[in-house]
Amino acid sequence: MASLFQRFINVFGNSNATEQVRKKTTKPVINNVATPKVSIPDVAVRDEIIDTSSLFYDLLFNNQEVNTEANLGLNPLEKSILLKVEASVGCPENIALNVVRLPAVLHKVSSLIDSDNYTAQQLTALITQDPALAADVIKLVNSAHYQLGSQEVTSLQEAVVRLGGLQIKSIVLTIVMQNITEIKPIYFKLFGQYLWQHSLTTALWAKKLAKSRGGDPDLAYFIGLIHDVGKIALFKLIVDEMNVSDPQFRPNSKLFRQMMTKHSLRLSALIAQSWQLPGPVVKALYEQVEASSVIEHTGPGKLLEEANLYSEINLLLAQGYISQLQACEFCIEHKLDIKVCIAGV
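Residues numbered from 1 in each chain as written. Predicted model: local features only at pLDDT ≥ 70, side-chain atom pairs only at ≥ 80, totals over all residues. Heavy atoms only, no water.

Caption draft 1: Spotlight on the side chain of T181. Along the polypeptide, T181 turns up in helix α10 (residues 165–181). Looking at T181, the relative accessible area reads 2%, which means it is buried. Polar contacts involving the side chain of T181 include one to the main-chain carbonyl oxygen of M177, which spans 2.7 Å. (Helix = DSSP H or I, 4+ residues; strand = E, 2+ residues; numbered from the N terminus. Buried < 20%, exposed > 50% of the residue type's maximum accessible area, 1.4 Å probe, protein only. Polar contact = N/O pair within 3.5 Å; in protein donor to acceptor, adjacent residues only side chain to side chain.)

Caption draft 2: Geometry of the packing of helix α7 (residues 120–128) against helix α9 (residues 156–163). Interhelical geometry of α7 versus α9 gives an angle of 130° and a closest axis separation of 9 Å. Overall, the two elements α7 and α9 adopt an arrangement that is oblique. Between α7 and α9 lies a crossing of right-handed hand. Of the residues in α9, those in contact with A120, Q121, L123, T124, I127 and T128 of α7 are L156, Q157, V160 and V161. Considering only residue class, the contact of α7 with α9 consists of six nonpolar, four polar and no charged. (Axes fitted to C-alpha atoms, helices over the stretch in contact; angles between N-to-C directions. Parallel < 35°, antiparallel > 145°, perpendicular 65-115°, else oblique. Left-handed = near helix turned anticlockwise from the far one by under 90°. Contact = heavy atoms within 4.5 Å. Nonpolar A, V, L, I, M, F, W, Y, C, P; charged D, E, K, R; others polar.)

Caption draft 3: Local environment of the pattern of salt bridges. Summed over all chains, the structure comprises five salt bridges. In this structure, the salt-bridge partner of R162 is E158, at a minimum N-O distance of 3.3 Å. Taken together, the residues R162 and E158, both in helix α9 and four residues apart, mark about one turn of the helix. Judged by its relative accessible area of 36%, R162 is partly exposed. Of the residues examined, E158 reaches a relative accessible area of 22% and is grouped as partly exposed. For R213, the salt bridge identified is with E306, shortest N-O distance 2.9 Å. Of this pair, R213 sits in the loop between α11 (191–212) and α12 (217–226) while E306 sits in helix α16 (residues 299–318); the two residues are 93 residues apart in sequence, bridging distant segments of the chain. (Salt bridge = Lys/Arg side-chain N within 4 Å of Asp/Glu carboxyl O.)

Caption draft 4: Focus on the packing of aromatic side chains. Inspection of every chain in the model, using the stated rule, returns one aromatic pair. Each ring, one from W205 and one from Y310, has its centre 5.3 Å from the other, and the planes form 10°; the classification is stacked. Linking W205 in helix α11 with Y310 in helix α16, this pair joins segments that are 105 residues apart in sequence. Residue W205 is classed as buried on the basis of its relative accessible area of 1%. Judged by its relative accessible area of 5%, Y310 is buried. (Phe/Tyr/Trp six-rings, centres within 6.5 Å; stacked < 30°, edge-to-face > 60°.)

Caption draft 5: Focus on the environment of G301. Structurally, G301 is set in helix α16. For G301, a relative accessible area of 0% translates into the label buried. Counting along the chain gives 14 residues from G301 to E287, while the straight-line C-alpha distance between them is 6.1 Å. Once residues within four sequence positions are removed from consideration, G301 is found in contact with A284, E287 and Q288.

Spelled out as structure tokens, the structure:
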């Protein structure tokens, strides 16, 4: 496979491309298909046995109990938020350049590793130019996930030698996305923490599923890690709107949560396109917006869909938002392995 990271971050080495993105005013397009404007309904929503997307928003917003009356329609705050969300979906390049921008260090590290003509000293020196990143790399390398033995890694060069360039690149990407996910806990103190936990476990599940099915584990991991960038952008819009809204209103209706899910999925794909990520990445993200009955999902898209469900159910179960019986029923309905779901990745 051609260099995935090199293709998706070429945008950072091309100032002309960035300038063209800023000037773009046409309707956003994904894979040559114009994305439709999503209107804001004000009607009741049919209940389902388990709506994992809505429940996941409850978890992010720390909302254990949803008011029955709130399910009947949108309150003024929700309507105002959704209007701004629609505007953001219409101009995703602004979000990609300002709200959730990928840092240039990722481009530099990826370019060096993809050149296949570098030394451990050169890669170490490049990462060390960002002391915070270097410290985070060593910290992550010493985590239980990498299991490098009982002897702690104490230097960046040692980590590079023991893990190799591709693993280091994956680690740098993980740290970059974790930093993007970090959100100041103004109204919802656990939003960023839960969203990062979900993004990481989705990535790990996608990688595991790809390995077992002959897919590309690195591609699956990358897509899983970035699949919720739309939620990050929308959450920041919510916080901004709550700062100027009537405090009696909260974003708690089921209709609002369902619409936010739809918008965030679409915005994730649009942001990925604005970042100039490879076609398979953008397509896999866009496939999450539409049901399988509407469009045929690709391999990466199917893996992401399944990994996302495993991650959501596991997290909702762990936090007490659903019972084990509900988790079992959901897994049976969606042909998931309940034992694997409960055990985690």
